[in-house]
Amino acid sequence: MFDTPHSAIDERLSDTKIAAKKVQVFYGDTHAIKDVDINIQPRSVTAFIGPSGCGKSTFLRCLNRMNDTIDICRVEGEITIDGEDIYDPKVDPVQLRAKVGMVFQKPNPFPKSIYDNIAYGPRIHGLAKNKAELDEIVSSSLQKAGLWNEAKDRLDEPGTGLSGGQQQRLCIARAIAVNPEVILMDEPCSALDPIATAKVEELIDELRTNYTIVIVTHSMQQAARVSQRTAFFHLGILVEEGLTQDIFTNPQDKRTQDYITGRFG
Amino acid sequence: MTDITSEDSRKALCNPTTEAVRNSLSRRNRKQVLLQSFGIAAILFAMGMLFILLGSIISSGYHAFTQTHIQLEVYVDPEEIPADGLPRGGFNDVLAAAMAVHFPGIDLADRVAKRELTSILSNGAQFILRDKVVSDPSLIGQTISLSVPASDPYDQLNKGLVERDTPEQFRRIDDAAIARFDRLKELGMVSAPLNTALITNADSRFPELAGLKGALVGSFWALLVCFLISFPLGIGAAIYLEEFAPKNRYSDLIEININNLAAVPSVVFGLLALAVFIGWFGLPRSAPFVGGLTLALMTMPTIIIATRAALKAVPPSIREAALGVGASKHQVVFGHVLPLAMPGILTGTIIGLAQALGETAPLLLIGMNAFITSAATSPFDSATALPTQIFIWADSPERGFVSRTSAAILVLLMFLVTMNAVAIFLRSKFERKW
Ligand SMILES: Nc1ncnc2c1ncn2[C@@H]1O[C@H](COP(=O)(O)OP(=O)(O)O)[C@@H](O)[C@H]1O
Ligand SMILES: [Mg+2]
């Protein structure tokens, strides 16, 4: 179940990719995230679990400032990536989002060709000097997302014509194409069938060697399968965070224990 | 045993809810039937009215789609029409001579008899002949075959719109005139071809010569100006309001005002245009350019509202997807949202333009109901538009304009139906299921 050797994880404990300190999020008067402190480690998968409405998505969307697009949303506290405050006025959210990619709950390919779906990000950021380079980015992104074999002969067909699971992997390829360091995934498998889910989970496990991945999931089995660390949220509070196997086998908090044994949620 | 079961089932039936439902059931069903029949009656009434309307327009309008013509063998007499300097009266005399061939008893020196004879021909016949001769002077001295329109009273007669049983004094043409026309008919000189003049001629005082070209061209210029102004401005305003403007009291106020603007009676826009465009800016009266500006004022709210609805209908997941890979706000709007909203925007625009095409009152106020006998060559020339042309013709006393008014209405309706069909086609073709 936990295929990463213990020592390897311990080794990485010292370095931190994303650090959040005393983060508060408000939607108007609703206090959705309260005093969250968390350190997220590079090149590993961190899972956010918790009952629905507890603020997992809200907190995840703070990490690439997606909440900026919601008028009534206000974020306080400090979030740093590689030691740099992402809410600093000097930081442009556009630049941040190129570095912190996102995959959404419902697969949302653009109603364009598969090629254009992936080429869109590199194009707007000017990552390719010519067509050959762009082709290279598209094919390598599809390969990394494990979609190359299925898609290579139909790059001109609309992305919306793929199956749900393929669409979600296309969205992952699209995120990879701009060469991010962090990939945020908000319940990426909740709209997929079990076989497609297994493929995406396998993919997440592969991507972990190159990317820092934060995944929100409502499935505890999924958290256990793909993540090295797990954070449990409850009513906007980060209740407990630690190695996934510790959270699942030996939770310290009563609420965590109740949740993973299925007493609420 | 049986007693008990029947007792039980009776009890079940007497359950108070069942009882209440059963009591009210027939009343409820009656209500439903009543409501349905009321709805059907309303639809039948509306359809009936539509049929009557269309029926009356078509039954009077179809007469205008043909025009009675007289076929003449005209000797272009060099005595009457010398090659140098074309005389005014000469052409009429040549035509009269061509007619008189078939009426040996008529003396062309008798001016009344001559006028009676040539009154069968349209007043425009001499100009048709002149244009022919001017474009080809070698015709002088030859006999040419010429088909010219008959004048309105004889056109009416030929179409059976003049009752021959009516006592002579109540008719526009007397028995002798009818006899002369019947003689031409016997000679096979009367035909009723398709009335192409209805499209190729501009307005005229003579119904048989009057056409819609001026109105069509005027409407075209006005709609073009209307489109070029209202489309970019409307879309720009809608994008700003929907995507960029902060949501506060001021944007609410603007929204309310735009919605109200769409409901302002069109005559008010006409008054505004008269005061501002013609009064202050000194733009020419009767010009399609001013008409287009006025119509743009009316069309813009429609386009803004349609565009905002189309932008709203683009699912947030597409915006999130683009933002998620680092697109900036304007890249999201212009690269994704706007293209996806385009079919809806175009549909709204076409419907707005169709409304503008049929709009009459504001054009009357800026003088687009003038009597103009040539088609505009630029949007600054005086012109009429389709609806104002209908208005002018409906107001004209000549009998021939009755059917021409209906025919013009049919032409206008055809354009409106076509535009709406295009809008429906666009909507169904590009409709997306997300
Ligand atoms: N756009 C929004 N506007 C207002 N309240 C919101 C919005 N999004 C989420 N919330 C509120 O914030 C809380 C956390 O929501 P969310 O982060 O979506 O929970 P989760 O992803 O854990 O199910 C909920 O109470 C929800 O109602
Ligand atoms: Mg969520």
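Thresholds, definitions, all that
- Residues numbered from 1 in each chain as written.
- Chains lettered and ligands numbered in written order.
- Predicted model: local features only at pLDDT ≥ 70, side-chain atom pairs only at ≥ 80, totals over all residues.
- Heavy atoms only, no water.
- Helix = DSSP H or I, 4+ residues; strand = E, 2+ residues; numbered from the N terminus.
- Rg over C-alpha atoms; globule rule 2.2 N^0.38 Å.
- Buried < 20%, exposed > 50% of the residue type's maximum accessible area, 1.4 Å probe, protein only.
- Contact = heavy atoms within 4.5 Å.
- Areas by Shrake-Rupley, 256 points an atom, 1.4 Å probe, with all protein chains shown as cover.
- Lys, Arg positive; Asp, Glu negative; His and termini not counted.
- Charge placed at Lys NZ, Arg CZ, Asp CG, Glu CD.
- 1 Å grid on protein atoms, 1.4 Å probe; cavity = no way out; pocket = protein on both sides within 12 Å on 5 of 7 lines; lining within 4 Å.
- Points joined across faces, edges and corners; volume = space filled by probe spheres on them.
- Nonpolar A, V, L, I, M, F, W, Y, C, P; charged D, E, K, R; others polar.
- UniProt positions renumbered as here; feature names shortened; annotations may be inferred.
- Disulfide = S-S within 2.5 Å.
- Salt bridge = Lys/Arg side-chain N within 4 Å of Asp/Glu carboxyl O.
- Near = heavy atom within 4 Å.
- Polar contact = N/O pair within 3.5 Å; in protein donor to acceptor, adjacent residues only side chain to side chain.

### Remarks on the overall build of chain A
Across its full length, chain A holds eleven helices and ten strands. Against the compact-globule benchmark of 18 Å for 265 residues, chain A has a radius of gyration of 18 Å, which places it among compact chains. Dimensions of chain A along its principal axes, counting C-alpha atoms only, are 55 × 45 × 35 Å. Expressed as a percentage of the 265 residues in chain A, the buried residues total 54%. Partitioning the intrachain contacts of chain A with sequence separation of at least 6 by distance along the chain shows that 67% fall at a separation of at least 24. Accessible surface for chain A amounts to roughly 11600 Å². Of this, 48% is attributable to carbon and sulfur atoms. Charge-centre separation for chain A: the mean point of 30 positive side chains lies 2 Å from the mean point of 37 negative side chains.

### Description of the layout of surface pockets
In this model, the largest pocket occupies a volume close to 690 Å³. As for the largest pocket, its lining consists of 25 residues, of which T69(A), E242(B), E243(B), R319(B) and K329(B) are closest to the centre. Within the residue set of the lining of the largest pocket, elements represented by two or more residues are α3 (93-99) of chain A together with α9 (213-244), α13 (316-324) and α14 (329-358) of chain B. Considering each element in turn, the lining of the largest pocket owes the most residues, four residues, to α13(B). Among the residues making up the lining of the largest pocket, the classes are represented as eleven nonpolar, two polar and twelve charged. Considering only enclosed or pocket space, the second largest pocket measures out at about 590 Å³ in volume. Together, 26 residues line the second largest pocket, and R115(B), T118(B), S119(B), L121(B) and N123(B) are the ones closest to its centre. At the level of secondary structure, the elements contributing two or more residues to the lining of the second largest pocket comprise α3 (90-100), α4 (111-118), α5 (125-135) and α6 (152-158) of chain B.

### Focus on the UniProt feature "domain: ABC transmembrane type-1" (unreviewed entry) in chain B
The sites that UniProt annotates as "domain: ABC transmembrane type-1" (unreviewed entry) are residues 216-423 of chain B. End-to-end, the C-alpha atoms of residues 216-423 of chain B are 21 Å apart, and along that stretch the chain is 77% helix and 0% strand.

### Examining unusual backbone geometry
Residues and elements named next belong to chain A. Phi angles above zero are rare outside glycine, and D35 is one such case at about 50°. With respect to the element layout, D35 can be found in strand β2 (residues 30-40). Judged by relative accessible area, which is 41%, D35 ranks as partly exposed. The backbone of E187 shows a phi angle near 45°, a positive value even though the residue is not glycine. Take E187: it is sitting in the loop between β7 (182-186) and α8 (194-207).

### Considering the state of the cysteines
Inspection of the entire model under this criterion finds zero disulfides over all chains. Free cysteine: C73(A), not disulfide-bonded; nearest cysteine sulfur from C62(A) at 6.3 Å.

### Considerations on the pattern of salt bridges
Residues and elements named next belong to chain A. Scanning all chains against the criterion turns up 29 salt bridges over all chains. Between K131 and D135 there is a salt bridge, and its shortest N-O distance comes to 2.8 Å. In this pair, K131 and D135 are both assigned in helix α5 (residues 131-144), four residues apart and thus about one turn of the helix distant. By relative accessible area, which is 54% here, K131 ends up exposed. A residue is classified by how much of its surface remains accessible, and D135, at 31% relative accessible area, is partly exposed.

### Some points on the site of ligand 1
All names here are of chain A. Taken together, the neighbourhood of ligand 1 is formed by Y27, A32, S52, G53, C54, G55, K56, S57, T58, I70 and I72. A distance of 2.6 Å is found between an oxygen atom of ligand 1 and a side-chain nitrogen or oxygen belonging to S57. For ligand 1, an oxygen atom lies 2.4 Å from a polar atom in the side chain of T58. Starting from 560 Å² of accessible surface for ligand 1 in isolation, the protein chains cover 62%. Broken down by element, the residue count for the shell around ligand 1 peaks at three residues, all from helix α2 (residues 56-62). Class assignment of the residues belonging to the shell around ligand 1 gives a composition of five nonpolar, five polar and one charged.

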